[in-house]
Amino acid sequence: MDTRTFESNLTTWLRHNSGLEQSRNYLGISKAGKCQRQIYDELVSGVVMSDFHHAMCYIGYLFERDALARLVEMRLAKGAAIELVCPKDARIRGHVDGVTLEGDLLEIKSVTTKKFERVCHGGKPLWEHVDQVQLYMRYGGWRTAWILYICRETFEHKVMRVGYDQERAARLEGKLLDVLAAVERQEPPVCECGWCGKDVRR
């Protein structure tokens, strides 16, 4: 076997085992922080399935599994196979990473150095992750969420605490319900971010 075949086999395996799904029959809560138009386009057309996106998805799950295993070993958290469903529309749902031993929500995020530095220098979690855990807390009954950030390049860790904001969570729920209604009408919402339709790796 030559090197090209070797590499090709690795790439093929990744495509089949990354965990990346082109389309789902539900709207994932993790998308709550995205632009409405982007959420709409992904629901209608599916997500991009490039090798880069497969790699990023695999890396995310890899760091998540490792971090959760370490936290369980340290008796700081436990795994939780909890599916959360919006009572107003069952097509809005999500799956939590885990819970702390005190019973709080736990979310694990592996990020680039640039994003990790934004979290550390800003002293607060990224807004899109706050949006995600707000809906998790709304549907799971938690009052507190802990977001564990892991830098992919340096393996540094940073933990952020987020309290439940009922008003923000209700607004996000309305946003996702509006997207589903737009899909039913086949009327794409206006882009809010200025990036929709562009081939960028954010």
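As a reminder, the structure under discussion sits directly above these lines.
Residues numbered from 1 in each chain as written. Predicted model: local features only at pLDDT ≥ 70, side-chain atom pairs only at ≥ 80, totals over all residues. Heavy atoms only, no water.

(A) Representation of unusual backbone geometry within the structure. Not every positive phi belongs to a glycine, and Phe-155 is a case in point at roughly 65°. Relative to the helices and strands, Phe-155 resides in the loop between strand E7 (144–151) and strand E8 (157–163). When its relative accessible area of 40% is taken as the criterion, Phe-155 is described as partly exposed. (Helix = DSSP H or I, 4+ residues; strand = E, 2+ residues; numbered from the N terminus. Buried < 20%, exposed > 50% of the residue type's maximum accessible area, 1.4 Å probe, protein only.)

(B) Representation of the environment of His-157 in the model. Within the element layout of this structure, His-157 appears in strand E8. On a C-alpha basis, the gap between His-157 and Gly-141 in space is 27 Å, while along the polypeptide they are 16 residues apart. If near-sequence neighbours (up to four positions away) are discounted, His-157 is found in contact with Arg-70, Phe-116, Leu-148, Tyr-149 and Ile-150. Within polar-contact distance, the side chain of His-157 engages the backbone oxygen of Phe-155 at 2.9 Å. (Contact = heavy atoms within 4.5 Å. Polar contact = N/O pair within 3.5 Å; in protein donor to acceptor, adjacent residues only side chain to side chain.)

(C) A look at helix H5 (residues 127–140). With 14 residues, H5 should cover 20 Å at 1.5 Å per step; its first-to-last C-alpha distance of 20 Å lies within 8% of that length. Burial in H5 covers these residues: Glu-128, His-129, Val-130, Asp-131, Gln-132, Val-133, Gln-134, Leu-135, Tyr-136, Met-137 and Tyr-139. Downstream of H5 by one or two residues, Gly-141 has phi in the positive range, about 80°. (Expected span 1.5 Å × (residues − 1).)

(D) Highlighting the pattern of salt bridges. Applying the stated criterion across every chain yields a total of 13 salt bridges. Ionic pairing is found between Arg-37 and Asp-41, a salt bridge with its closest N-O pair at 3.1 Å. Of the two residues, Arg-37 and Asp-41 are both situated in helix H2 (residues 36–45); the distance of four residues between them amounts to about one turn of the helix. On the basis of relative accessibility, which here comes to 26%, the residue Asp-41 falls in the partly exposed class. Among the ionic pairs, Arg-91 bridges to Glu-184, the shortest N-O distance being 2.9 Å. Of the two residues, Arg-91 sits in the loop between strand E3 (83–85) and strand E4 (92–95) while Glu-184 sits in helix H6 (residues 166–185), which places them 93 residues apart along the sequence. Judged by its relative accessible area of 31%, Arg-91 is partly exposed. For Glu-184, a relative accessible area of 54% puts it in the exposed group. Among the charged side chains, a network of salt bridges with common partners joins Lys-31, Lys-34 and Glu-42. (Salt bridge = Lys/Arg side-chain N within 4 Å of Asp/Glu carboxyl O.)

In short, shape yes, function no, at least from these values alone.
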